[in-house]
Amino acid sequence: GFYLMIVRFFKTGISNGESPVKYVLSNKDHQGRDRHESPEIMLGGDPKLTIDLINGISRKYKYASGCVSFRAEDQITQQGIEKILGQFLSVVSPGLMPEQINSLFVLHKDKPDRKTGLAGSHVHFILPMVVLSGEEAGNRWNPHPPGQKTIEKMEAFTKVINHENGWEQVIEKPDRIGVDSFWRKVDGKSNARKLD
């Protein structure tokens, strides 16, 4: 079946912590319509702690947010999603231990497709941009630094997860399938070999 995962980051947050947390936990979507199902907190997140940490940051940019989307034909279990979220956290926090960062992941289930009856889902994440403990405690942590390297890292992560799960790859421009930037990084191979 057709299935893939995509990660999207939004603009870095400058508001207080209440605003993004309230949105992801709301039973209404961004257009004010009732959500198909109530949002579910994943990985044992604590909304109040996330709010307090964001509000304790005096820098302009306080949190990173975005969503991990799962488009569905085959279904993924909650356990499967949580495993991927753990992998995502380790990719965006290189050099940090899990207890040194805070994260809030909230699952939103999409409305089932009328034809197939199957539904995709997406997980909103909010990451306060601060190191919580250790020598770097209080320092800024940026899960999504600006620049091409970060974009390529997230593309590579997406490809690996889709490959590991036997899901289709994300092709941003279906009309132009060439040797993409991920494989260009593989040195010492001809383009024909890489394409193969």
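Since the model is a prediction, treat every value here as computed from it, not as a measurement. (Residues numbered from 1 in each chain as written. Predicted model: local features only at pLDDT ≥ 70, side-chain atom pairs only at ≥ 80, totals over all residues. Heavy atoms only, no water.)

Attention shifts here to the packing of aromatic side chains. On inspection of all chains with the given rule, the structure shows 7 aromatic pairs. Plain terms: the ring middles of Phe88 and Phe105 are 6.3 Å apart, the flat faces sit at 75° to each other, and that makes the pair edge-to-face. Note that Phe88 is positioned in helix H3 (residues 78-92) and Phe105 in strand S4 (residues 104-109), a separation of 17 residues in sequence. An aromatic cluster of at least three residues, connected via ring pairs, comprises Phe9, Phe88, Phe105, Phe125 and Phe157. Seen from the ring of Tyr23, Arg35 lies directly overhead, with NZ or CZ sitting 5.3 Å from the centre. (Phe/Tyr/Trp six-rings, centres within 6.5 Å; stacked < 30°, edge-to-face > 60°. Helix = DSSP H or I, 4+ residues; strand = E, 2+ residues; numbered from the N terminus. Lys NZ or Arg CZ within 6 Å of the ring centre and 35° of its normal.)

Summarising the element assignment, Arg35 is placed in the loop between helix H1 (18-25) and strand S2 (40-42). Buried charged residue Arg35 carries no salt bridge. Nearest counter-charge: Asp29, at 5.7 Å. Of note is the side chain of Arg35, whose polar atom sits 3.4 Å from the side chain of His108. Those residues within four positions of Arg35 in sequence are excluded, and the remaining contacts are Tyr23, Ser26, Asn27, Lys28, Asp29 and His108. (Buried < 20%, exposed > 50% of the residue type's maximum accessible area, 1.4 Å probe, protein only. Lys, Arg positive; Asp, Glu negative; His and termini not counted. Salt bridge = Lys/Arg side-chain N within 4 Å of Asp/Glu carboxyl O. Polar contact = N/O pair within 3.5 Å; in protein donor to acceptor, adjacent residues only side chain to side chain. Contact = heavy atoms within 4.5 Å.)

One full turn of an α-helix is made of 3.6 residues, so residues set three or four places apart face in the same direction. Taking 1.5 Å of rise per residue, 17 residues should cover 24 Å, and helix H4 (residues 148-164) covers 24 Å from first to last C-alpha, within 8% of that figure. All of the buried residues along H4 are Thr150, Glu152, Met154, Ala156, Phe157, Thr158, Lys159, Ile161 and Asn162. (Expected span 1.5 Å × (residues − 1).)

On to the pairing of strand S3 (residues 63-71), then. Most of S3 is tucked away, with 8 of its 9 residues classed as buried. Pairing geometry for strand S1 (residues 4-9) and S3, over 6 bridges, is antiparallel. Bridged to Met5 within S3 is Phe70. In the sheet, S3 pairs with strand S5 (residues 121-128) via 8 bridges, with the strands oriented antiparallel. (Pairing = 2+ DSSP bridges.)

In terms of burial, S4 is largely enclosed, as 5 of its 6 residues are buried. The sheet contact formed by S2 and S4 spans 3 bridges and is antiparallel. Paired with Met42 across the strands is Phe105, a residue of S4. In this sheet, S5 lies alongside S4 in antiparallel orientation, the contact comprising 6 bridges. Across the sheet, Leu104 pairs through a bridge with Ile126, a residue of S5.

Without other data, these values stay purely geometric and don't point to any function.
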